[in-house]
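Structural features, examined
Single-letter residue listing:
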Amino acid sequence: MTSSPPELLDSCGVRRAYDTVAEDYAAHLPDTRWEPALDLAMVDAFAAAVGNEGRVLDAGCGTGRMTRYLVERGCSVMGVDLSPGMVAVARRHHPGLVFTVGSVTDLPYPDDQFAGVMLWYSIIHTRPAGQARIFAEAARVLRPAGHLLVAFQSGQGTRDASGAYRQFGHEIELQRHLYTADELSSYIEAVGLREVCRLVRRAQGKERDDQVIMLARAL
Ligand SMILES: C[S@@+](CC[C@H](N)C(=O)[O-])C[C@H]1O[C@@H](n2cnc3c(N)ncnc32)[C@H](O)[C@@H]1O
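Just so you know, these numbers come straight off a predicted model, no measurement behind them.

Taken across its six residues, strand E2 (residues 76-81) has five buried, putting it largely inside the fold. The sheet contact formed by E2 and strand E3 (residues 98-101) spans four bridges and is parallel. Within E3, the residue paired with Asp-81 across the bridge is Val-101. Note that the unit made of E2, helix H4 (residues 84-93) and E3 has a crossover that is right-handed.

Here it is, written out as structure tokens:
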């Protein structure tokens, strides 16, 4: 009997969870109103670095709120997400934009396609064993001198992420994995990208962990 690799089993559970919560996710996080200005400053810096030099991929776009934010900053953006439910909501809420179902561990695009790739809290449900694959894929689809932006909760270990959705009546199982900024930097450098800068800020409001946003560049 053969067994599936852990990343594959994880992604089935993650897909199921986000398919279940998609409508409520969009209702409670319709845009960037909860994003602190500091975090958005990093997104703005990413958008400015990419400029109008090519397309941007919002990888793990969810219901498309960050895709829309980048479009409003002049980027030509498309989104990809593991969850067909999240993608269906994204298409409905942002009818002019292109959203595709696919995984950040196996991006459905040829090499050297994008001037920018953004992973906005979409690496967090992948275990450490799957991270190398995510960044190899990001590096593959990025053009030379393209930019990568990654956001995630900082720390070590794993947290139960189901609680936030139980208040809306969803019985899902969802875990998220914590990473340090230095760990992320190593993943990035291992695929030939270079860290440009990082924001590490303390948890605020209902956040349980510090947050990291890292900008990197292809050579
Ligand atoms: C916390 S949500 C963030 C969504 C969006 N970036 C935002 O900020 O609203 C995490 C998203 O990552 C997606 N995701 C998780 N693992 C993924 C994978 N392997 N490939 C593509 N998307 C993934 C989930 O389906 C979900 O939509």
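Past the structure itself, the notes keep going.
Moving on: the packing of helix H5 (residues 128-141) against helix H7 (residues 181-190). At a closest axis distance of 8 Å, the pairing of H5 and H7 adopts a crossing angle of 45°. In this view, H5 runs oblique relative to H7, as classed from their interaxial angle. Where H5 crosses over H7, the handedness of that crossing is right-handed. Residue-level contacts link Pro-128, Gln-131 and Phe-135 of H5 to Leu-184, Tyr-187 and Ile-188 of H7. Here the contact of H5 with H7 is composed, by residue class, of five nonpolar, one polar and no charged.

Let us now look at H7. Regarding H7, the residues found buried are Ala-181, Leu-184, Ser-185, Tyr-187 and Ile-188. Seen end-on, H7 carries its buried residues on one side only, within an arc spanning 160°. Exposed residues on H7 whose side chains face more than 90 degrees from its buried face are Asp-182 and Ala-190. Contacts made by the buried residues of H7 are with H5, strand E5 (142-154), strand E8 (193-201) and strand E9 (210-218). The first or second residue beyond H7 is Gly-192, which carries a positive phi of 85°.

Let us now look at the nonpolar core. When a protein is soluble and globular, its nonpolar side chains tend to lie buried together. In terms of nonpolar packing, the biggest core is built from 51 residues, with Phe-135, Leu-148 and Leu-184 touching the most fellow members. Ignoring any residue separated from it by four or fewer positions in sequence, one finds Phe-135 in contact with Leu-119, Ile-123, Leu-148, Val-150, Leu-184, Tyr-187, Ile-188 and Val-191. Core analysis: the second largest hydrophobic core is formed by 14 residues, Tyr-18, Val-21, Ala-26 and Tyr-165 among them.

Taken together, 18 residues form the shell around the ligand, and within it Tyr-25, Gly-60, Arg-65, Asp-81 and Trp-120 come nearest. A distance of 2.8 Å separates a nitrogen atom of the ligand from a polar atom in the backbone of Gly-60. At 3.2 Å from a nitrogen atom of the ligand is found a side-chain nitrogen or oxygen belonging to Ser-103. Calculation on the ligand without its partners gives an accessible area of 600 Å², and the protein chains cover 96% of this total. For the shell around the ligand, the leading source of residues is helix H1 (residues 6-28), giving three residues. Tallied by class, residues from the shell around the ligand come to ten nonpolar, six polar and two charged.

Between helix H2 (residues 37-50) and helix H3 (residues 65-72), the shortest axis-to-axis distance is 10 Å and the interhelical angle comes to 55°. Judged by the angle between their axes, H2 and H3 are oblique. Judged by the twist between their axes, the crossing of H2 over H3 is right-handed. On H3, the residues touching Leu-40, Val-43, Asp-44, Phe-46 and Ala-47 of H2 are Met-66, Tyr-69 and Leu-70.

Spatial ordering of the open sheet is given by E3-E2-E1-E4-E5-E9-E8, a layout of seven strands whose pairing is mixed. Each end of this open sheet is capped by a strand with a single partner; those strands are E3 and E8. The sheet shows a mean angle of 15° between the axes of neighbouring strands, taken without regard to direction. Summarising the sheet, strand E1 (residues 55-59) and strand E4 (residues 114-120) pair through three bridges and their orientation is parallel. Each bridged residue has a counterpart across the sheet, and for Val-56 the counterpart in E4 is Gly-116. Contacts from H2 reach E1, E4, E5, E8 and E9 within the one sheet, and its direction differs from that of E4 by about 165°.

This next bit is on the environment of Val-87. Relative to the assigned elements, Val-87 resides in helix H4. We classify Val-87 as buried; its relative accessible area is 0%. Dropping the residues within four chain positions of it, Val-87 is found in contact with Gly-62, Asp-81, Phe-99, Thr-100 and Val-101.

Here is what the cut-offs are and how they apply
Residues numbered from 1 in each chain as written. Predicted model: local features only at pLDDT ≥ 70, side-chain atom pairs only at ≥ 80, totals over all residues. Heavy atoms only, no water. Buried < 20%, exposed > 50% of the residue type's maximum accessible area, 1.4 Å probe, protein only. Helix = DSSP H or I, 4+ residues; strand = E, 2+ residues; numbered from the N terminus. Pairing = 2+ DSSP bridges. Right-handed = clockwise from strand over helix to strand, strands pointing away. Axes fitted to C-alpha atoms, helices over the stretch in contact; angles between N-to-C directions. Parallel < 35°, antiparallel > 145°, perpendicular 65-115°, else oblique. Left-handed = near helix turned anticlockwise from the far one by under 90°. Contact = heavy atoms within 4.5 Å. Nonpolar A, V, L, I, M, F, W, Y, C, P; charged D, E, K, R; others polar. Arc of directions from axis to C-beta. Core = buried A, V, L, I, M, F, W, Y, C linked by side-chain atoms within 4.5 Å. Near = heavy atom within 4 Å. Polar contact = N/O pair within 3.5 Å; in protein donor to acceptor, adjacent residues only side chain to side chain. Areas by Shrake-Rupley, 256 points an atom, 1.4 Å probe, with all protein chains shown as cover.

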